[in-house]
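Tertiary structure, described
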Amino acid sequence: MRLVVHNMLQCHVKGCNSNNFPLRLFDVELEIHEIEFNPQFLQSLLPKLDWNAFISTANQIGITSLPQTLPEEIDEDFLKNLHRILFETHIMQGKMVCSNCSHEYPIKEGIPNMLLNEEEAEEEAEVEAEAEED
Amino acid sequence: MSITPIKAFTEHDTVSLTDDKKEQKYVHDVYQAIAPHFSQTRYKPWPVVEQFLNSLDIGSIGADIGCGNGKYLGINKNIYMVGSDRSSKLIEISVSRGHEGIICDALNLPFRSECFDFVISIAVIHHFTTFERRFAAIKELFRIARPGSYILIYVWALEQSNEARRKFDKEQQDVFVPWVIPADKNNQDKKEIIYNRYYHLFKKGELDELIESTGIAQIVKTDYDKDNWYVIARKEGSENEIDKK
């Protein structure tokens, strides 16, 4: 799992609705898999990220070469470094922990498992039925 | 090719099962069992989906909910796609091909609200056994999409063409559709195995109604394609100015 994907994830345990993003990373094993650098693609994708969450997450796994705020002028060196961190760095093993409810989601062989058991999951059908009764 | 017999999904088969247990037995367990064989037969992208993906702005990030073996995840090199599926076996196949995959449930997606520039869900929603669950799944697809963004959904149609391999009884929307693993593909005991998968076949207009009843979608295109109904819908709300570059 790349950090760009982690930026999209939140805790979805029933009732866990605040401070559930970003998920904190622990016990991570990283691998670098190189892929082609596409600066125009990266620059277009950049505004879609929650930059604060991205920086704090990168810091958690020892990546401290990125600025706290997005610079006004984005040069090729900046993009190349970002490409490395965002697209070439893979979390192969580890766990993601919710800062709010402490639920742990495992990452194995690069794949996060975000399945919840029955008690933890939102009962969507019940939620709908309750909404109709209001 | 001979016509595959379709059984109606009657109460007799599932009398004591809750909705999620029905889906566990007739959807999730089946896909886990058939994953490698299923994946071998899912390789040709459907043109409509391909065209949708190729029309997106450079730098778009999107989700494929129920991505299976990741068939659509690498189509457009100028966008970034995340695949999610309930089947860990299919996600493993998808990831082995270099794609991003997450194991999760489409009724309860682990994504932030409004974080994606587009969402696709191809041949997935028809596996949910009740109206409420299908509606909840559609609401999740829209929840994770940015205002003003597009969502593409495909579901199997009750109305099948004459060239279709299967013939459905027009009165029966809830059915078992068999998946046959031929004897030579079954490494274990060299016998043919048949798995029954649950489907809710959609009538014309049914998917549109489901989407419209979210109250936050505008249908942009609705059509019939290769024995499926599909809809492209736009999520309400103003376009973020960054979308147009």
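All values derive from a computational prediction rather than experimental measurement. (Residues numbered from 1 in each chain as written. Chains lettered and ligands numbered in written order. Predicted model: local features only at pLDDT ≥ 70, side-chain atom pairs only at ≥ 80, totals over all residues. Heavy atoms only, no water.)

With that settled, consider the packing of aromatic side chains. Tallying each qualifying case throughout the model produces 14 aromatic pairs over all chains. Note on Tyr-31 of chain B and Phe-38 of chain B: the rings are 5.1 Å apart at their centroids and 80° apart in plane angle, and the pair reads as edge-to-face. Ring-pair connections join several aromatic residues into one group, and the members of that group are Phe-41 and Phe-87 of chain A together with Tyr-80 of chain B. Here the guanidinium or amino end of Lys-71 of chain B rests over the ring plane of Trp-46 of chain B, the centre of that ring lying 5.2 Å away. (Phe/Tyr/Trp six-rings, centres within 6.5 Å; stacked < 30°, edge-to-face > 60°. Lys NZ or Arg CZ within 6 Å of the ring centre and 35° of its normal.)

Further remarks concern the pattern of salt bridges. Residue and element names in this part refer to chain A. Evaluation of the coordinates by the stated rule reveals 14 salt bridges over all chains. The partner of Lys-95 in a salt bridge is Asp-27, and the shortest N-O contact between them spans 3.8 Å. Of this pair, Lys-95 sits in strand S2 (residues 89-97) while Asp-27 sits in strand S1 (residues 24-32), and the two are 68 residues apart along the sequence. Across the pair Arg-84 and Glu-88 runs a salt bridge, and its minimum N-O distance is 3.3 Å. With a gap of four residues between them, Arg-84 and Glu-88 both fall in helix H4 (residues 76-88), about one helical turn apart. (Salt bridge = Lys/Arg side-chain N within 4 Å of Asp/Glu carboxyl O. Helix = DSSP H or I, 4+ residues; strand = E, 2+ residues; numbered from the N terminus.)

Here we come to the interface of chain B and chain A. Each partner contributes to the interface: chain B provides 39 residues, whereas chain A provides 32 residues. Taken together, the two surfaces of chain B and chain A that pack against each other cover about 2900 Å², and 61% of this comes from carbon and sulfur. Put simply, chain B and chain A have three salt bridges between them. Note that Arg-2 of chain A and Glu-100 of chain B form a salt bridge whose closest N and O atoms lie 2.9 Å from each other. At the surface where chain B touches chain A, the tally comes to 13 residue pairs in polar contact (both at pLDDT 80 or more). For the side of chain B that touches chain A, the secondary-structure elements that each account for two or more residues are helix H2 (19-40), strand S3 (80-85), helix H4 (88-96), strand S4 (100-103), strand S5 (116-122) and helix H5 (131-143) of chain B. (Contact = heavy atoms within 4.5 Å. Buried area = accessible area lost by both parts, 1.4 Å probe. Polar contact = N/O pair within 3.5 Å; in protein donor to acceptor, adjacent residues only side chain to side chain.)

With that settled, the discussion passes to the packing of H2 of chain B against H4 of chain B. All names here are of chain B. The contact between H2 and H4 brings their axes to 7 Å, and the two run at 30°. Accordingly, the angle class assigned to the pair H2 and H4 is roughly parallel. Contact residues: Tyr-31, Gln-32, Ala-35, Pro-36, Phe-38 and Ser-39 in H2; Ser-88, Lys-89, Leu-90 and Ile-93 in H4. Classifying every residue of the contact of H2 with H4 gives six nonpolar, three polar and one charged. (Axes fitted to C-alpha atoms, helices over the stretch in contact; angles between N-to-C directions. Parallel < 35°, antiparallel > 145°, perpendicular 65-115°, else oblique. Nonpolar A, V, L, I, M, F, W, Y, C, P; charged D, E, K, R; others polar.)

Here, UniProt's "domain: Methyltransferase type" (unreviewed entry) annotation points to residues 64-153 of chain B. For residues 64-153 of chain B, the helix share is 24%, the strand share is 31%, and the end-to-end C-alpha distance is 10 Å. (UniProt positions renumbered as here; feature names shortened; annotations may be inferred.)

Quick look at the sheet that holds S3 of chain B now. Pairing between sheet strands relies on hydrogen bonds along the backbone, with the strands arranged either parallel or antiparallel. Residue and element names in this part refer to chain B. Here we have seven strands laid out as an open sheet, ordered S4-S3-S2-S5-S6-S10-S9, and mixed in their pairing. Taken across any chain shown, the strands that pair with only one partner, and hence form the sheet edges, are S4 and strand S9 (217-225). Strand-to-strand twist in this sheet, taken as the mean axis angle between neighbours without regard to direction, amounts to 15°. Pairing of strand S6 (residues 145-156) with strand S10 (residues 228-235) involves seven bridges; the strand directions are antiparallel. Bridging across to S10, Ile-151 finds its partner in Ala-233. Sitting on the sheet, helix H3 (residues 47-54) touches S3, S5, S6, S9 and S10, and the angle it makes with S5 is about 175°. On the sheet, H5 packs against strand S2 (61-65), S5, S6, S9 and S10 and is oriented at approximately 145° with respect to S6. (Pairing = 2+ DSSP bridges.)

Another point: the side chain of Asn-76 of chain B. All names here are of chain B. Mapped onto the elements of the fold, Asn-76 is located in the loop between S2 and S3. Look at Asn-76 and you get buried, because its relative accessible area is 10%. Apart from the residues within four sequence positions on either side, Asn-76 is in contact with Leu-53, Asn-54 and Leu-56. (Buried < 20%, exposed > 50% of the residue type's maximum accessible area, 1.4 Å probe, protein only.)

Among all positions in H4 of chain A, only Phe-78, Leu-79, Leu-82, His-83, Ile-85, Leu-86, Phe-87 and Glu-88 of chain A are buried. Those residues of H4 of chain A that are buried are in contact with helix H1 (3-6), S1, helix H2 (39-45), helix H3 (51-60) and S2 of chain A together with S3 of chain B. With a side-chain oxygen positioned 3.3 Å from the backbone nitrogen of Asp-77 of chain A, the residue opening H4 of chain A is Asp-75 of chain A.

All names here are of chain B. Secondary-structure assignment places Ser-213 in the loop between helix H6 (206-212) and S9. In sequence terms Ser-213 and Lys-139 are 74 residues apart; their C-alpha atoms lie 9.5 Å from each other. Within the local environment of Ser-213, its side chain forms a polar contact with the backbone oxygen of Leu-210, the two atoms lying 3.0 Å apart.

What follows is about the sheet that holds strand S1 (residues 7-8) of chain B. Residue and element names in this part refer to chain B. Taken together, the three strands give an open sheet; going across it, the order is S1-S7-S8, and neighbouring strands pair in antiparallel fashion. Every other strand in the sheet has two partners, leaving S1 and strand S8 (193-200) as the edge strands with one partner each. Looking at chain direction, S1 and strand S7 (residues 174-181) are connected through two bridges and run antiparallel. Residue pairing for S7: Ala-8 is matched across the bridge by Val-175.

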